[in-house]
Amino acid sequence: GQQVMQIPQYQHVQEGEDFTTYCNSSTTLSNIQWYKQRPGGHPVFLIQLVKSGEVKKQKRLTFQFGEAKKNSSLHITATQTTDVGTYFCAGRGSGYSTLTFGKGTMLLVSP
Amino acid sequence: NAGVTQTPKFQVLKTGQSMTLQCAQDMNHEYMSWYRQDPGMGLRLIHYSVGAGITDQGEVPNGYNVSRSTTEDFPLRLLSAAPSQTSVYFCASSYGNRGLNTEAFFGQGTRLTVV
């Protein structure tokens, strides 16, 4: 079955530092989604990437989908305390109807 | 617009008891799914449904049953609760009969403890 690996598991940064989380799939993905979960909350959709090599930006967040459609990354520039939470990638393999989630990267930002 | 509503928010069960976690969505989404979230394990798919009357197993289906008699509701039944089922359960829904290329909307979650 599909496997989606996400690193790092945890990262603690000072406010203003950059942050990156990486996602790797064992199989080629048809698309990949990113979610954010605040402490005690539920996952909230951030973005979806579909095309090989695709790059999308949302303010300080930059999302990339690899050329081979097997890896993805989320980069946050100049983190803020509001960025605290766990970031999940979720991939959908070709021919699959279900999303496979990575284990998430927990981000802690100190002021 | 309520989105995805899960009840209850918290539940404590004794080993061997059964219960049903409720999930309802008002967005007319065809695709619904149940996940469990354990520390360090991410979200693991339990069961999913691509439409009323159609359900299928996910990654960790043992000990759980589902049914989908209407588009709106997708209850999750624990047949005989075990301590290993202590977890946070999330219901999610997506537009389209396979949820393809669409975002998942999650409920607030049910925190279940089995003692």
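Novice: Explanation requested: the side chain of serine 87 of chain B in the structure shown.
Specialist: Residue and element names in this part refer to chain B. Positionally, serine 87 belongs in strand S9 (residues 87-94). A distance of 2.8 Å separates the side chain of serine 87 from the side chain of aspartate 38, its partner in a polar contact. For serine 87, the contacting residues outside a window of four places in its chain are Arg36, Gln37, Asp38, Thr110, Arg111 and Leu112.

Novice: Looking at this structure, how should I read the interface of chain A and chain B?
Specialist: Quoted interface sizes are often the accessible area lost when the parts come together. Listed per partner, the contact involves 19 residues of chain A and 20 residues of chain B. In this assembly, chain A packs against chain B so that about 1600 Å² is buried in total across both faces, 54% of it on carbon and sulfur atoms. Taken as a group, His42, Ser97 and Phe101 of chain A account for 31% of the area that chain A buries against chain B, more than any other trio of residues on that side. Counting across the chain A and chain B interface gives 0 salt bridges. Our enumeration of links across chain A and chain B arrives at 4 residue pairs in polar contact (both at pLDDT 80 or more). Broken down by secondary-structure element, the contributors of at least two residues to the side of chain A that touches chain B are strand S4 (29-37), strand S5 (44-49) and strand S9 (85-93) of chain A.

Novice: What exactly am I supposed to notice about the state of the cysteines here?
Specialist: Throughout this description, disulfide means a covalent bond between two cysteine sulfur atoms. In this structure the tally under the stated criterion is 2 disulfides over all chains. Between the sulfur atoms of cysteine 23 of chain A and its disulfide partner cysteine 89 of chain A the distance amounts to 1.9 Å. On the sign convention where negative is left-handed, the bridge of cysteine 23 of chain A and cysteine 89 of chain A, at about 70 degrees about the S-S bond, is right-handed. One end of the pair, cysteine 23 of chain A, is in strand S3 (residues 19-25); the other, cysteine 89 of chain A, is in strand S9, and 66 residues separate them in sequence. The same class applies to cysteine 23 of chain A and to cysteine 89 of chain A, which are both buried. Disulfide partner of cysteine 23 of chain B: cysteine 91 of chain B, at an S-S distance of 1.9 Å. Taking the sign of the S-S torsion, -70 degrees for the link of cysteine 23 of chain B and cysteine 91 of chain B, the bridge is left-handed. With a gap of 68 residues between them, cysteine 23 of chain B in strand S3 (residues 19-25) and cysteine 91 of chain B in strand S9 connect regions that are remote in the sequence. Here the two residues cysteine 23 of chain B and cysteine 91 of chain B agree in accessibility, since each one is buried.

How each quantity is defined
Per-chain numbering applies: the sequence of each chain, read as written, is numbered from 1 onward. Written order determines the labels here, with chains lettered from A and ligands numbered from 1. Two thresholds apply to this predicted model, a pLDDT of at least 70 for residue-level local features and 80 or more for giving and counting side-chain atom pairs, whereas whole-chain, interface and lining totals are computed over all residues. Excluding hydrogens and water, the side-chain figures rest on all heavy atoms present in the structure. The helix and strand labels rest on DSSP assignments: H or I over at least four residues marks a helix, E over at least two residues marks a strand, and numbering proceeds from the N terminus. In protein, a polar contact means a hydrogen-donor-capable atom and an acceptor-capable atom, both N or O and within 3.5 Å, with residues adjacent in sequence counting only if both atoms are side-chain atoms; elsewhere, any N or O pair within 3.5 Å suffices. Note on contacts: a residue pair is in contact if any heavy atoms of the two residues lie within 4.5 Å. By buried area we mean the combined loss of accessible area, with a 1.4 Å probe, across both parts when two parts are placed together. Here, a salt bridge means any Lys or Arg side-chain nitrogen found within 4 Å of an Asp or Glu carboxyl oxygen. Counting rule for disulfides: a pair of cysteine sulfur atoms within 2.5 Å. Burial classes: relative accessible area under 20% of the type maximum marks a residue as buried, over 50% as exposed, and values in between as partly exposed (1.4 Å probe, protein chains only).

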